[in-house]
Amino acid sequence: MKDRLTFLLEKHGFEDRLLDEMTMTGRLKKYQTGDHVIHAQQSDKEMPVVLNGLLKVMSIDRDGSELFLYYLQPGEMCPMSLACCLRGEGAAFNVTAEEPSEVWLVPTKSLDGWMARYPSFRRYVMSSYQLRFQELMTTIDSLVFHDLRERLMKYLLDTKQATGSYVINKTHQEIAAELNSSRVVISRLLKQLETEQVVEQHRNRIEIL
């Protein structure tokens, strides 16, 4: 497993000693599609780093409504999770496995020390924050300035890029929930996109043309 962790994170220039500590103190956990990695209000003592597979991060409000934020791919960690871990607070979001995934869980008690001792880990954390901040700004821009059709297209393209597949294996209801809309509206918009030959619909899946 150390080889797998090293392969995914070597592009960040992690020091050998840091990789040794992450390997010795962390643990592997496997998730199936739909499993929760992080629950809203959950205060974890471990932070997940994706080894393989795909995780989905959803914001959740006080009423329990969810909104898709971004995907986590191999070699990435969730900066929102890191912030909650460092503050010892419960999460205001859910992280679920979009497909069968393997995650390396590292203890939060080690994070402060790693950031202080290892420049590569500080860069890794700050780079993660910067990437997700840009994605969140794009999401906010979509919510404020773009209509639902554009948000739907962005969602489909984001999913294609994250999964590497033109086929989106989701129902209309699942997409509606992730965009905080209704199934009827999403179905109508997908029908419009199908008429325009942008997508092709099948049972419980959508193909981007």
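Predicted, not measured: the structure shown is a model, and the values here were computed from it.

A count of helices and strands for the protein gives eight helices and eight strands. Of all 209 residues assigned to the protein, the portion counted as buried reaches 42%. Taking the contacts inside the protein whose residues are at least 6 apart along the sequence as the reference set, 71% of them involve residues at least 24 apart. Carbon and sulfur atoms form 50% of the exposed surface of the protein, whose accessible area is close to 11100 Å².

Bringing the packing of aromatic side chains into the picture now. Inspection of the entire model under this criterion finds four aromatic pairs. Look at Phe14 and Tyr124: their rings are 5.2 Å apart centre to centre, the planes differ by 85 degrees, and that puts the pair in the edge-to-face class. Placement of the pair is Phe14 in the loop between helix 1 (2–9) and helix 2 (16–25) and Tyr124 in helix 5 (residues 119–145), with a sequence separation of 110 residues. Judged by its relative accessible area of 7%, Phe14 falls in the buried class. Between the aromatic rings of Trp114 and Phe121, the centroid separation amounts to 5.6 Å while the plane-to-plane angle is 80 degrees, which identifies the pairing as edge-to-face. Accessibility classification places Trp114 together with Phe121 in one group, the buried group. Through a chain of ring-to-ring contacts, the aromatic side chains of Phe14, Trp114, Phe121 and Tyr124 assemble into a single cluster. Against the face of Tyr166 rests Lys160, its NZ or CZ located 4.8 Å from the ring centre.

The subject of this paragraph is the environment of Ser165. Inspection of the secondary structure puts Ser165 in the loop between helix 6 (148–163) and strand 6 (167–168). Between the alpha carbons of Ser165 and Ile208 there is a distance of 8.9 Å; along the sequence they are 43 residues apart.

Counting residues in each nonpolar core, the largest one holds 20 residues, and the members touching the most others are Leu152, Tyr155, Leu156, Ile175, Ile186 and Leu190. At the level of elements, strand 3 (46–60), strand 4 (66–72), helix 6, helix 7 (172–178), helix 8 (183–195) and strand 8 (205–208) are the ones that each hand at least two residues to this core. Counting residues per element, this core draws most heavily on helix 6, which supplies five residues. Not counting the four nearest positions on each side in its chain, Tyr155 is found in contact with Phe68, Tyr71, Lys170, Ile175, Glu178 and Leu179. Judged by nonpolar contacts, the second largest core, of 16 residues, contains Val106, Trp114, Phe121 and Tyr124.

A rise of 1.5 Å per residue sets the reference length of helix 6, with its 16 residues, at 22 Å; its end C-alpha atoms lie 22 Å apart and thus fit the reference within 8%. Among the residues making up helix 6, those that are buried are Leu148, Arg151, Leu152, Tyr155, Leu156, Thr159 and Ala162. Across the axial projection of helix 6, the buried residues extend over an arc of 135 degrees, all falling on one side. In the segment just after helix 6, Gly164 is the residue with positive phi, at about 75 degrees.

We now examine unusual backbone geometry. The backbone phi angle of Gln197 is positive, close to 60 degrees, even though this residue is not glycine. Look at Asn204: it is not a glycine, yet its phi comes out positive at around 60 degrees. Inspection of the secondary structure puts Asn204 in the loop between strand 7 (199–202) and strand 8. With relative accessibility at 44%, the residue Asn204 sits in the partly exposed group.

Of all the positions in helix 2, only Leu18, Leu19, Glu21 and Met22 are classed as buried. Down the axis, helix 2 shows its buried residues gathered within 160 degrees of arc, on one side only. Turned more than 90 degrees off the buried face of helix 2, the exposed positions are Asp16, Arg17 and Met24.

Before going further, it helps to examine the side chain of Ser128. Tracing the chain through its elements places Ser128 in helix 5. With residues near it in sequence (within four places) discarded, Ser128 still touches Met77 and Pro79.

Our focus in this paragraph is the sheet that holds strand 7. Reading across the sheet, the three strands line up as 6-8-7 and stay open at both edges, with antiparallel pairing between neighbours. Only two strands of the sheet have a single neighbouring strand rather than two, namely strand 6 and strand 7. When strand 6 meets strand 8, the two strands line up antiparallel, connected through two bridges. From the neighbouring strand, Val167 faces strand 8, where its bridge partner is Glu207.

Time to look at the confidence of the model for the protein. Of the residues in the protein, 80% reach a pLDDT of 70 or more, and the chain-wide mean stands at 79. When pLDDT is averaged over each element of the protein, strand 1 (residues 27–31) comes out on top at 89 and helix 3 (residues 79–87) at the bottom at 65.

Procedures and definitions
- Residues numbered from 1 in each chain as written.
- Predicted model: local features only at pLDDT ≥ 70, side-chain atom pairs only at ≥ 80, totals over all residues.
- Heavy atoms only, no water.
- Helix = DSSP H or I, 4+ residues; strand = E, 2+ residues; numbered from the N terminus.
- Buried < 20%, exposed > 50% of the residue type's maximum accessible area, 1.4 Å probe, protein only.
- Contact = heavy atoms within 4.5 Å.
- Areas by Shrake-Rupley, 256 points an atom, 1.4 Å probe, with all protein chains shown as cover.
- Phe/Tyr/Trp six-rings, centres within 6.5 Å; stacked < 30°, edge-to-face > 60°.
- Lys NZ or Arg CZ within 6 Å of the ring centre and 35° of its normal.
- Core = buried A, V, L, I, M, F, W, Y, C linked by side-chain atoms within 4.5 Å.
- Expected span 1.5 Å × (residues − 1).
- Arc of directions from axis to C-beta.
- Pairing = 2+ DSSP bridges.
- pLDDT = per-residue confidence, 0-100.

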